[in-house]
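What follows is the residue order along each chain.
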Amino acid sequence: MAYAQPGPRSARSKHDTVDEGTVLVLQGGGALGSYQAGVYAAMAEEGTAPGWVAGISIGAINAAIIAGNPPEYRVERLRAFWDLVSSRVTSEPLQPHGDARRWFNEFSAATVAAIGIPGFFMPRILPPAVFWQDDPAAVSFYDTSPLKKTLLDLVDFGYLNAKGGIRFSVGAVNVVTGNFTYFDNREREIGPEHIMASGALPPGFPPVFIDGQPYWDGGLVSNTPLQYVLDSSPTGGLTVFQVDLFSARGAVPRTLPDALQREKDIRYSSRTRLNTDLYKQMEKIRDAARRLTAKLPDDLRDDPDARLLADLPSHQGVSIMHLINRSDIFNSHSKDYEFSRYTIDEHWNAGHTDAHRSLRDVRWTGRDRKCRGIVTFDLTQDRS
């Protein structure tokens, strides 16, 4: 599928303004990633422009489309991607809720598993067992080569890598060492392989080789790049929009599919809670260490241990807005690979609505922008 080019590419206007202090953090979650696209569309309408986008898995794809296009083309390109990957099942369910809707979602997910997603991945004609052991096809059920073409169509990598543009970071896991690695356009030239590596979830997708090393989906270690963002900006003030695709809170499961869904929600949402709780605690410890060293007598302030405590970095105010995709009752454990157009549009609209409401909420607009430490906001809890 061909896409219209947005005029001269790989060129930045002198009027482009980039503030790395405004960060968009995008979690992994497959089909749920259209919620993130809706969030960004609302941010663009509200005039909130990130200067740094960081993503994992599907969040890496959305991040690449945002960072790899001029502002006026980003929403259009996001829409093109999500329309493409949801084009296999475009009809609406007989009922928007209830058992009929659940069966519709399961049919859509089964279709994806059987025949793949346009512009994303397709099943291998032969099973992995028939390939030689050193062939990547021997360790995966799907071929992700269609995604490379889609990325080249929708992302201007010259623009993404241009000096002075949006900072772009995606995470992946080294298959050999098990270590987490971030690919950052402040440190290296980014290509489609880095985005594909961040989303190479086994055993569905094969590892992606970069500089001779194989990489898998970053969500295997951490489904959010929040820790990387905070670690990379230890002292600067930040405004972070953390878009979570799985909700930590949920009902007690009543069926086995419910249990599978709940387990997945908890597994992929827990890292976000861990990061924010840990960093809040660290900020308290740093402040206590500075107060303590200030009380020491002069002859002890030059002690190496006292100087180490006094020199601990502190964030000069970090506001984190959580935008959480809270599942509807008809979703199941297959929700992250249910790519029907109807459901994709629902996720997009939910993200769009949540972001608009949160950005206009007086608790956000009236926040203390000069406070120290980390303050979190979750303003989507009341969405019905």
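With an unreviewed UniProt entry as reference, the protein chain is termed Membrane protein, source organism Croceicoccus naphthovorans.

**Q** Help me out: how do you make sense of the side chain of Gln-242 in this one?
**A** Its place among the elements puts Gln-242 in strand β9 (residues 238-244). For Gln-242, the side chain forms a polar contact with the side chain of Asp-244, separated by 2.5 Å.

**Q** Looking at this structure, how should I read helix α4 (residues 98-115)?
**A** One full turn of an α-helix is made of 3.6 residues, so residues set three or four places apart face in the same direction. Given a rise of 1.5 Å per residue, 18 residues ought to cover 26 Å, and the 26 Å separating the end C-alpha atoms of α4 matches this to within 8%. Of the positions making up α4, those classed as buried are Arg-101, Phe-104, Asn-105, Ser-108, Ala-109, Thr-111 and Val-112. Taken around the axis of α4, the buried residues stretch over an arc of 150 degrees, which confines them to a single face. Of the residues in α4, the exposed ones pointing more than 90 degrees away from the buried face are Asp-99, Trp-103, Phe-107 and Ala-114.

**Q** Would you mind showing me how to read the packing of helix α2 (residues 58-67) against helix α3 (residues 71-85) here?
**A** The geometry of a pair of packed helices is captured by two quantities: the angle between their axes and the separation between those axes. One can describe the packing of α2 onto α3 by two numbers: an axis separation of 8 Å at closest approach and a directional angle of 140 degrees. On the basis of the axis angle, α2 is oblique to α3. Of the two elements, α2 crosses α3, and the hand of that crossing is right-handed. In contact with Ile-58, Ile-61, Asn-62, Ile-65 and Ile-66 of α2, α3 contributes Arg-74, Arg-77, Leu-78, Phe-81 and Trp-82. Here the residues of the contact of α2 with α3 sort into seven nonpolar, one polar and two charged.

**Q** I'm lost on a nonpolar patch on the surface in this one. Help?
**A** Together, Leu-201, Leu-220 and Val-221 make up an exposed nonpolar region whose accessible area comes to about 220 Å². Looking at the element boundaries, Leu-220 is found in the loop between β8 (213-217) and α8 (226-232).

**Q** Sorry, what's going on with the environment of Ile-190 here?
**A** Relative to the helices and strands, Ile-190 is located in the loop between β6 (180-184) and α7 (192-198). Spatially, the C-alpha atom of Ile-190 lies 9.7 Å from that of Val-170, the residues being 20 residues apart in sequence. The residues contacting Ile-190, other than those within four sequence positions of it, are Phe-157, Leu-160, Asn-161, Phe-168, Phe-183, Asp-184, Asn-185 and Ile-195.

**Q** I keep staring at the UniProt feature "active site" (unreviewed entry) in the protein chain and nothing clicks. Help me out?
**A** In this numbering, the UniProt entry assigns the feature "active site" (unreviewed entry) to Ser-57 and Asp-217. A compact arrangement is adopted by the annotated residues: their sequence extent is 161 residues, whereas the largest C-alpha distance between any two is 6.1 Å. For Ser-57, the position within the fold is in the loop between β2 (52-55) and α2. Ignoring any residue separated from it by four or fewer positions in sequence, one finds Ser-57 in contact with Gly-28, Ser-198, Gly-199 and Asp-217. Relative to the helices and strands, Asp-217 is located in strand β8. Asp-217 gets classed as buried once you look at its relative accessible area, which sits at 3%. A polar side-chain atom of Asp-217 sits 2.7 Å from a polar atom in the side chain of Ser-57.

**Q** What exactly am I supposed to notice about helix α12 (residues 341-360) here?
**A** Over its 20 residues, α12 extends 29 Å from the first C-alpha to the last, a length consistent with the 28 Å expected when each residue adds 1.5 Å. Residues of α12 that are buried include every one of Thr-343, Ile-344, His-347, Trp-348, Ala-350, Gly-351, Asp-354, Ala-355, His-356, Ser-358 and Leu-359, and no others. Contact partners of the buried residues in α12: α1 (34-45), α3, α4, β9, β10 (318-324) and α13 (362-365).

**Q** What am I meant to see in the UniProt feature "short sequence motif: GXGXXG" (unreviewed entry) in the protein chain here?
**A** With numbering aligned to this structure, UniProt lists the feature "short sequence motif: GXGXXG" (unreviewed entry) at residues 28-33. Between the end C-alpha atoms of residues 28-33 there is a gap of 7 Å, over a span that is 0% helix and 0% strand.

**Q** I tried to follow the packing of aromatic side chains on my own but got confused; where do I start?
**A** Aromatic ring pairs are defined here through the distance separating the ring centres and the angle between the ring planes. Within the structure shown, the criterion is met by 15 aromatic pairs. When the centroid spacing of 5.3 Å and the interplanar angle of 70 degrees are considered together, the rings of Phe-120 and Phe-121 count as edge-to-face. The interplanar angle of 85 degrees and the centroid separation of 6.4 Å between the aromatic rings of Phe-120 and Phe-339 together place this pair among those described as edge-to-face. Highlighted residues: Phe-120 in the loop between α4 and β3 (122-123) and Phe-339 in the loop between β10 and α12, separated in sequence by 219 residues. Of the residues examined, Phe-339 reaches a relative accessible area of 4% and is grouped as buried. Taken together, the ring pairs connect Phe-81, Trp-82, Phe-120, Phe-121, Tyr-142, Phe-205 and Phe-339 into an aromatic cluster. Stacked on the ring of Tyr-268, the Lys or Arg Arg-267 has its end atom at 4.7 Å from the ring centre.

Basis of the calculations
- Residues numbered from 1 in each chain as written.
- Predicted model: local features only at pLDDT ≥ 70, side-chain atom pairs only at ≥ 80, totals over all residues.
- Heavy atoms only, no water.
- Helix = DSSP H or I, 4+ residues; strand = E, 2+ residues; numbered from the N terminus.
- Polar contact = N/O pair within 3.5 Å; in protein donor to acceptor, adjacent residues only side chain to side chain.
- Expected span 1.5 Å × (residues − 1).
- Buried < 20%, exposed > 50% of the residue type's maximum accessible area, 1.4 Å probe, protein only.
- Arc of directions from axis to C-beta.
- Axes fitted to C-alpha atoms, helices over the stretch in contact; angles between N-to-C directions.
- Parallel < 35°, antiparallel > 145°, perpendicular 65-115°, else oblique.
- Left-handed = near helix turned anticlockwise from the far one by under 90°.
- Contact = heavy atoms within 4.5 Å.
- Nonpolar A, V, L, I, M, F, W, Y, C, P; charged D, E, K, R; others polar.
- Patch = residues over 30% accessible without salt bridge, like charges linked within 9 Å, V, L, I, M, F, W, Y side chains within 5 Å.
- Areas by Shrake-Rupley, 256 points an atom, 1.4 Å probe, with all protein chains shown as cover.
- Salt bridge = Lys/Arg side-chain N within 4 Å of Asp/Glu carboxyl O.
- UniProt positions renumbered as here; feature names shortened; annotations may be inferred.
- Phe/Tyr/Trp six-rings, centres within 6.5 Å; stacked < 30°, edge-to-face > 60°.
- Lys NZ or Arg CZ within 6 Å of the ring centre and 35° of its normal.

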